[in-house]
Amino acid sequence: MTVSGEVLDNAAQNHQHNRQNGQKEKENHPYVTANPDCQSAMGAMGKPLRTKPRFILPSARQAVSATAPGAHRWREWARQGDMKLHSPTPLNQRKVLVPAALVLAVAAGGLLAVGSFLGLYVQPTSDDWCGAWMSRELGILGIANHFYEVQNGRITNGVVTGIVFAHGLTGPKLLPFLLVLFLLAGLVLLARGVFRLLGWEVPPSVTIAAATVVCVLLFFAGASPYQALLWAPSTVSHTLPSVLTVWSGLAALGASRRGRPAKGLALVFAMVTGVAIGTLSEPFTIVSGVFAAGAVAVLLPGRRSPRHWYPVSWCLLWCAGLTIGFVLLYTSPGAAWRRTQQPQQTSLLSSTELTATAQDWIHIWESVSEQRAYLAAVAVGLILGLAAATAERTARSAAGEPEAARGGRHLRRWVLTLLPVVLMGMCSFGVAYGLRMGYGPTGWTYVRTWSNFLFPMLLLLCTCGAVAGRALTRWQSSGGRSRPMVFAVTATAVVASVASLWAVAALVPTVRETAKDTVTRSVDWDRQDLLVRRMAAQGSKVVPYRPLRIGDLAEPYATPGYSGDWVAQCVARYYKVERIQKPAP
């Protein structure tokens, strides 16, 4: 094949210059390496060759004479997809993205550190009183049996509650720090694994910043930050399932690069984790089950090779575990007793109830949409996508692709774009339906349960931003990096960075208020706890207790009549007295 001598000379000289200076080849040093005819021509000239092709630039391809002998072989070779492109992020964008990610990680990490530190000031309230005395007197297995037989049927929830309160109040104080640590570490490791699978090269600072922002939004952007992070019964039921899912997905991703034994262990772990979540949290069972079923629907078509069945098998076993766990929970005596507390006057499948559930669902999303800080997930995802353009990719021409295949690819792309939105609507509607069934018309106001679908919502928003950022960088590379394009993408990086920092800064007042309420209550609680314990040690059977409310949670005397005041009864059991009463004015 005849190739322009000038192009070959320039390419060889550039390559030799880079080798002498110990530098890597950059995109502005065009040379041709992948075509055998070109390599033969360069070898004949006595120039050093690369044995492994790195990238081919369109300018080198255009330099080949279209009328030269053998030019059709070049065009056929390009159509077959043997051409690779390397499109690194321009230096001016890199100067914006990496420092902005570092600042963002420090800012969001500071809020997480404050939230974790506030765990040391957590004191019992609402369900904490019951969990504390049950764990002390019944033990871990005893409280798990109580949950199954009497309370709600959540066996795993009872086990975890017993573990958390096994050493008094030490567990609830350390739980926020452990949740933040394991969720943040799991997200970072999972993101790195996914990027490696996609061939993306993302700076570690950008990955850490994205994971930190997602955690901050999950814990502090909701309607009740105290319940989302600091109240143990809520975090056990509605935050811990997300952590377990992240680490289960990380185990599955790690096993996919290993042999059959590792994959088998990952599949077993997925099923066991699914059973545990099924008996831990009904809302998250609905959410994760819907998304796992959607993943099966996407992955199942075209799976012919046995090695391609691993992700489908993982999702199916996950759904099987969820189903087993939910059946155990629903058929338990505790769940049956709980359903009697909210007897249904009409069927929940009637048009009236479905309409009311739809209205509850709309109220939930109206409240969520009012929090503009959630848009930070899109902004930080955009930073991810813009920084991920250093990866090597293979460019394949669709010129020789059949029309039917191109149409199928476009249809699949639209399905993958719209399916997450549909799944998010389905799972959040399922949560609203379950809340109405369990708590009645006001069930949708239990904002702590929203974390079950807010976590995947944040991940989806971040993913959308990353895809958009990746598309912007590819558009910039395909346009030859003209000044308007570079300016537009750089401006986008600046805007995304500023928007992320603004959203994190907007949460500072919320964190400050939460810290003030938590510390103030802790001081008052310590003072009152010392007084109550002193009176109980002196033999008093009835002790005064003043309610100390926080986070819109129940405290004693919230219900009329002592016999129906379960919080007051749990406080009395905690202090080992017969009853508590309001202090004298």
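Note that the structure is predicted; figures quoted are calculated from it, not measured.

Caption draft 1: Highlighting the overall build of the protein chain. When helices and strands are tallied, the protein chain shows 23 helices and 4 strands. Counting only residues that meet the buried cut, the protein chain has 45% of its 585 residues in that class. Taking contacts inside the protein chain between residues at least 6 apart in sequence as the whole, the part at least 24 apart equals 77%. Roughly 28,500 Å² of accessible area belongs to the protein chain as shown, and the carbon and sulfur atoms make up 64% of that amount.

Caption draft 2: Representation of a positive patch on the surface within the structure. Taken together, the side chains of Arg192, Arg196, Arg257 and Arg258 make up a positively charged region of the molecular surface. Take Arg257: it is sitting in the loop between helix 12 (240-255) and helix 13 (260-278).

Caption draft 3: A look at the packing of helix 14 (residues 282-299) against helix 15 (residues 310-330). Contact geometry for helix 14 and helix 15: axes closest at 9 Å, N-to-C directions at 150°. For the element pair helix 14 / helix 15, the angle class is roughly antiparallel. Seen from above, helix 14 lies across helix 15 with left-handed handedness. Of the residues in helix 15, those touching helix 14 at Glu282, Thr285, Ser288, Gly289, Ala292, Ala293, Ala295, Val296 and Leu299 are Pro311, Val312, Cys315, Leu316, Trp318, Cys319, Leu322, Phe326 and Leu329.

Caption draft 4: Just the nonpolar core, in detail. Ranked by internal contacts, the top residues of the largest apolar core, which has 106 residues, are Trp129, Leu183, Leu217, Phe219, Phe453 and Ile580. Looking at this core element by element, the count peaks at 12 residues for helix 9 (residues 204-220). With residues up to four places along the chain from it excluded, the contact list for Trp129 reads Pro124, Trp525, Tyr545, Glu555, Val567, Cys570, Val571, Tyr574 and Tyr575. Within the second largest apolar cluster, 16 residues are counted, among which are Ala255, Leu267, Val296 and Cys319.

Caption draft 5: Fine view of helix 22 (residues 508-537). Along its 30 residues, helix 22 runs 43 Å from first to last C-alpha, staying within 8% of the 44 Å computed at 1.5 Å per residue. All of the buried residues along helix 22 are Val511, Thr514, Ala515, Thr518, Arg521, Ser522, Trp525, Gln528, Asp529 and Val532. Backbone geometry just downstream of helix 22 places Gly539 in the positive-phi region, at approximately 100°.

Caption draft 6: Up close: the confidence of the model for the protein chain. Averaged over the protein chain, the pLDDT score is 81; the fraction of residues at 70 or greater is 77%. Model confidence for the protein chain, summarised as mean pLDDT per element, is weakest for helix 3 (residues 58-62) at 39 and strongest for helix 22 at 95. Low pLDDT (under 50) marks residues 1-8, which in the prediction has 17 contacts with non-local residues, meaning those over four places away or in another chain.

Caption draft 7: Molecular detail of unusual backbone geometry. In this model, Ser126 sits at a positive phi of 55°, which is unusual for a non-glycine residue. Here Ser126 is to be found in the loop between helix 5 (91-118) and helix 6 (127-151). Positive phi, normally seen in glycine, also occurs at Lys576, with a value near 60°. Within the secondary structure, Lys576 is located in the loop between helix 23 (566-575) and strand 4 (579-581).

Caption draft 8: Structural view of the pattern of salt bridges. The full count for this structure, using the stated rule, is 8 salt bridges. The partner of Arg436 in a salt bridge is Glu353, and the shortest N-O contact between them spans 3.0 Å. Remark: Glu353 occurs in helix 17 (residues 351-369) and Arg436 occurs in helix 19 (residues 403-439); sequence separation between them is 83 residues. Looking at Arg436, the relative accessible area reads 12%, which means it is buried. Classification of Glu353 as buried rests on a relative accessible area of 14%. Taken together, the salt bridges that share partners define one network made up of Arg136, Glu137 and Arg573.

Caption draft 9: Spotlight on the packing of aromatic side chains. One pass over the structure, following the stated rule, counts 13 aromatic pairs. Considering the side-chain rings of Tyr439 and Tyr446, the 4.2 Å spacing of their centres and the 20° angle between planes classify their relative orientation as stacked. Note on Tyr439: relative accessible area 25%, which makes it partly exposed. In this structure Tyr446 comes out as partly exposed when scored by relative accessible area, which is 27%. Seen in terms of ring centroids, Tyr574 and Tyr575 are 5.1 Å apart; in terms of plane orientation they differ by 80°. Their pairing is edge-to-face. For Tyr574, a relative accessible area of 10% corresponds to the buried category. Members of the aromatic cluster, connected to one another through ring pairs, are Trp129, Trp525, Tyr545, Tyr574 and Tyr575. The side chain of Arg339 reaches across the aromatic face of Tyr330, ending 4.1 Å from its centre. Positioned over the ring face of Tyr562 is Arg579, at 4.1 Å from the centre of the ring.

Caption draft 10: Just the state of the cysteines, in detail. Counting across every chain of the model gives 1 disulfide. Paired by a disulfide, Cys130 and Cys570 hold their sulfur atoms 2.0 Å apart. Its S-S torsion of about 95° marks the bond between Cys130 and Cys570 as right-handed, since a negative value means left-handed. Taken as a pair, Cys130 in helix 6 and Cys570 in helix 23 lie far apart in primary sequence, 440 residues in all. Accessibility classification places Cys130 together with Cys570 in one group, the buried group.

Criteria and thresholds
- Residues numbered from 1 in each chain as written.
- Predicted model: local features only at pLDDT ≥ 70, side-chain atom pairs only at ≥ 80, totals over all residues.
- Heavy atoms only, no water.
- Helix = DSSP H or I, 4+ residues; strand = E, 2+ residues; numbered from the N terminus.
- Buried < 20%, exposed > 50% of the residue type's maximum accessible area, 1.4 Å probe, protein only.
- Contact = heavy atoms within 4.5 Å.
- Areas by Shrake-Rupley, 256 points an atom, 1.4 Å probe, with all protein chains shown as cover.
- Patch = residues over 30% accessible without salt bridge, like charges linked within 9 Å, V, L, I, M, F, W, Y side chains within 5 Å.
- Salt bridge = Lys/Arg side-chain N within 4 Å of Asp/Glu carboxyl O.
- Lys, Arg positive; Asp, Glu negative; His and termini not counted.
- Charge placed at Lys NZ, Arg CZ, Asp CG, Glu CD.
- Axes fitted to C-alpha atoms, helices over the stretch in contact; angles between N-to-C directions.
- Parallel < 35°, antiparallel > 145°, perpendicular 65-115°, else oblique.
- Left-handed = near helix turned anticlockwise from the far one by under 90°.
- Core = buried A, V, L, I, M, F, W, Y, C linked by side-chain atoms within 4.5 Å.
- Expected span 1.5 Å × (residues − 1).
- pLDDT = per-residue confidence, 0-100.
- Phe/Tyr/Trp six-rings, centres within 6.5 Å; stacked < 30°, edge-to-face > 60°.
- Lys NZ or Arg CZ within 6 Å of the ring centre and 35° of its normal.
- Disulfide = S-S within 2.5 Å.

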